[in-house]
Amino acid sequence: MAKNYHEEQDLKNVKLLRERLTEMPPFMSEFFRGIQETTSSNTRLGYANDLRIFFEYLLKNEPSFKAIDIENFTLDVLDKTSPEHIENYMEFLTYHERNQIEYHNKAQGKSRKLSAVRAMFAYFYKKRKLTKNPAEVVEFPKIHEKNITRLEIDEVARLLDEVEFGEKLTERQQKFHQYTKKRDLAIVTLLLGTGIRVSECVAINMSHVDFNVAGIKITRKGGNEVVIYFGDEVYDALLDYFKEREKIIPVSGYEDALFLSMQHKRITTRAVQNLVKKYSQLITSLKNISPHKLRSTYGTNLYQETGDIYLVADVLGHKDVNTTKKHYAELEDSRRRQAAKYVKLRKD
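Nothing here was measured: the structure is a model prediction, and the numbers come from that model. (Residues numbered from 1 in each chain as written. Predicted model: local features only at pLDDT ≥ 70, side-chain atom pairs only at ≥ 80, totals over all residues. Heavy atoms only, no water.)

Another aspect to go through is the layout of surface pockets. Quantified by volume, the second largest pocket comes out at close to 650 Å³. The set of elements that each furnish at least two residues to the lining of the second largest pocket consists of helix H7 (153-165), helix H8 (171-194), helix H10 (232-245) and helix H12 (291-306). Per-class residue counts for the lining of the second largest pocket are 12 nonpolar, four polar and nine charged. (1 Å grid on protein atoms, 1.4 Å probe; cavity = no way out; pocket = protein on both sides within 12 Å on 5 of 7 lines; lining within 4 Å. Points joined across faces, edges and corners; volume = space filled by probe spheres on them. Helix = DSSP H or I, 4+ residues; strand = E, 2+ residues; numbered from the N terminus. Nonpolar A, V, L, I, M, F, W, Y, C, P; charged D, E, K, R; others polar.)

So, in structure tokens, the structure goes:
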């Protein structure tokens, strides 16, 4: 039976979540059941990974909790947590070691972990199983906005040339390139030409592609299905790969998967990230290009061509246009500066 990508990922996440729950207090099962209908499996697994670190920190580093083991860590014990405990945890996250591996967290990583802690305390406080919510008074770290990293027009052209011809690849890489170049070119062209997320890209099935309307059905974050449309360059690259893909016999369960690995299974997000990194490093040493940066490149190009921030938000799948505005504020400012040149108060 063909495997649906999202169902497959959900199943993996459920299994991993159950493993994480064995390393946390027993009451945490109730929390994850309680948020199941309002969160994705990716979100719940992310919370589990972050909250496991939080409980480990309390038991190993805070004197108030050191005499307690994880099995006897009850909600009454959690109710003793103070804002200071959580602030100490935030400082701990800057640098810590686990299983002889060093971990560093900057503001963005700390904010994500604090979000998990806040969600947990808010849930049990709302259920009246805690008498207070210490997490709500702990401030999020200030995140400094970064300039958008994107490819310039000439860099896009050079990237696509490198993916297609592989002239700068090592001799060993070129041997594999002859087997993967049509697939790789289709993936990179699709990412650059539609702005879809890497998770949306790897989830595409052959049956999701309709060349008659030049459209692909994808599943956005949150589970909404939409059709995105592509131009001639994406059309040509996809069709070229499609003809090759139809000749490949995939592993059972992946019959409909569009992009396949060398093992003839559905390609993973990590594999796509690696191939984008491999090719992009050959055309620019100053920029760290990921699939998300290709998405930013598309968004930038679309905004520069149309000036329509709402269209960019819709095509990129942003639920809130303010998210789009935040990412493209630099371009907004540039357009406002240009506006100053259009109106003349006196004729020369």
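There's plenty left to go through after this.
All right, on to helix H5 (residues 83-92) then. All of the buried residues along H5 are His-85, Ile-86, Tyr-89, Met-90 and Phe-92. Relative to the axis of H5, the buried residues are bounded by an arc of 160° and lie together on one face. Looking at the buried positions of H5, the neighbouring elements they touch are helix H3 (41-61), strand E1 (95-98) and helix H6 (107-126). (Buried < 20%, exposed > 50% of the residue type's maximum accessible area, 1.4 Å probe, protein only. Arc of directions from axis to C-beta. Contact = heavy atoms within 4.5 Å.)

Another point: the packing of aromatic side chains. Going through the model one piece at a time under the given rule, you end up with 20 aromatic pairs. Between Phe-27 and Phe-55, the ring centres sit 6.1 Å apart and the planes meet at 75°, which makes this aromatic pair edge-to-face. Here Phe-27 is found in the loop between helix H1 (5-21) and helix H2 (28-34), whereas its partner Phe-55 is found in helix H3, with 28 residues between them in sequence. On the basis of relative accessibility, which here comes to 10%, the residue Phe-27 falls in the buried class. Ring centres 4.9 Å apart and planes at 45° place the aromatic pair Tyr-57 and Phe-92 in the tilted group. Here Phe-92 lies in helix H5 and Tyr-57 lies in helix H3, a separation of 35 residues in the sequence. According to the relative accessible area criterion, Tyr-57 is buried, its value standing at 6%. (Phe/Tyr/Trp six-rings, centres within 6.5 Å; stacked < 30°, edge-to-face > 60°.)

A word on the side chain of Asp-184. By secondary structure assignment, the location of Asp-184 is in helix H8. Of the residues examined, Asp-184 reaches a relative accessible area of 1% and is grouped as buried. The residues touching Asp-184, leaving out its near neighbours within four places in the chain, are Val-163, Leu-275 and Tyr-279.

On to the pairing of strand E4 (residues 215-219), then. Look at any regular strand and the pattern is simple: side chains alternate between the two faces of the sheet. For E4, the tally of buried residues reaches four of five residues, placing the bulk of the element in the interior. Here strand E3 (residues 209-210) pairs with E4 via two bridges, running antiparallel. Residue pairing across strands places Val-209 opposite Ile-216, the latter belonging to E4. Linkage of E3 to E4, two consecutive antiparallel strands, is achieved through a turn of four residues, within which Ala-214 is found at a positive phi near 55°. Between E4 and strand E5 (residues 225-229), which pair antiparallel and follow one another directly, the connecting turn spans five residues, one of which, Gly-222, has a positive phi of 100°. (Pairing = 2+ DSSP bridges.)

Within the open sheet, the three strands sit side by side as E3-E4-E5. Their pairing is antiparallel. Two strands lie at the open edges of the sheet, namely E3 and E5, each paired on one side alone.

This brings us to the nonpolar core. Taken as a class, soluble globular proteins show a tendency for nonpolar side chains to be buried jointly. In terms of nonpolar packing, the biggest core is built from 45 residues, with Leu-159, Leu-190, Ile-216, Leu-238, Leu-258, Phe-259 and Leu-294 touching the most fellow members. Counting only elements with at least two residues in this core, the list comes to H7, H8, helix H9 (198-202), E4, H10 and helix H11 (269-280). The element contributing the most residues to this core is H8, with seven residues. Beyond its immediate chain neighbours, meaning those up to four positions away, Leu-190 contacts Gly-195, Ile-196, Cys-201, Ile-204, Ile-216, Val-234, Leu-238 and Phe-259. If you look at the next biggest cluster of nonpolar residues, it comprises 38 residues, including Leu-21, Leu-93, Ala-116 and Val-117. (Core = buried A, V, L, I, M, F, W, Y, C linked by side-chain atoms within 4.5 Å.)

This part takes up the packing of H12 against helix H13 (residues 309-316). H13 packs onto H12 with a crossing angle of 150° between their chain directions and a minimal axis gap of 9 Å. Regarding the angle of H12 to H13, the classification is roughly antiparallel. Judged by the twist between their axes, the crossing of H12 over H13 is right-handed. Packed against H12, whose contacting residues are Arg-295, Tyr-298, Gly-299, Leu-302, Tyr-303 and Thr-306, the element H13 presents Ile-309, Leu-311, Val-312, Val-315 and Leu-316 at the interface. (Axes fitted to C-alpha atoms, helices over the stretch in contact; angles between N-to-C directions. Parallel < 35°, antiparallel > 145°, perpendicular 65-115°, else oblique. Left-handed = near helix turned anticlockwise from the far one by under 90°.)

Moving on: the packing of H8 against H11. Two quantities define a packed helix pair, namely the angle between the helix axes and the distance between the axes. Running from N to C, H8 and H11 point in directions that differ by 105°, and their axes come no closer than 11 Å. As judged from the angle between their axes, H8 and H11 are roughly perpendicular. Residue-level contacts link Gln-173, His-177, Thr-180, Arg-183, Asp-184, Ile-187, Val-188 and Leu-191 of H8 to Val-272, Leu-275, Val-276, Lys-278 and Tyr-279 of H11. Per-class residue counts for the contact of H8 with H11 are seven nonpolar, three polar and three charged.

On to the confidence of the model for the protein chain. Averaged over all residues, the pLDDT of the protein chain is 91; the fraction at 70 or higher stands at 92%. Here helix H15 (residues 329-339) is the element of the protein chain with the lowest mean pLDDT, 61, and H2 is the one with the highest, 98. (pLDDT = per-residue confidence, 0-100.)

With that settled, consider a nonpolar patch on the surface. A grouping of Phe-176, Tyr-179 and Met-262 is seen on the molecular surface, where their side chains present a nonpolar patch of about 340 Å² in accessible area. Residue position: Tyr-179 is located in helix H8. Residue classification places Tyr-179 among the exposed positions, given a relative accessible area of 55%. (Patch = residues over 30% accessible without salt bridge, like charges linked within 9 Å, V, L, I, M, F, W, Y side chains within 5 Å. Areas by Shrake-Rupley, 256 points an atom, 1.4 Å probe, with all protein chains shown as cover. Salt bridge = Lys/Arg side-chain N within 4 Å of Asp/Glu carboxyl O.)

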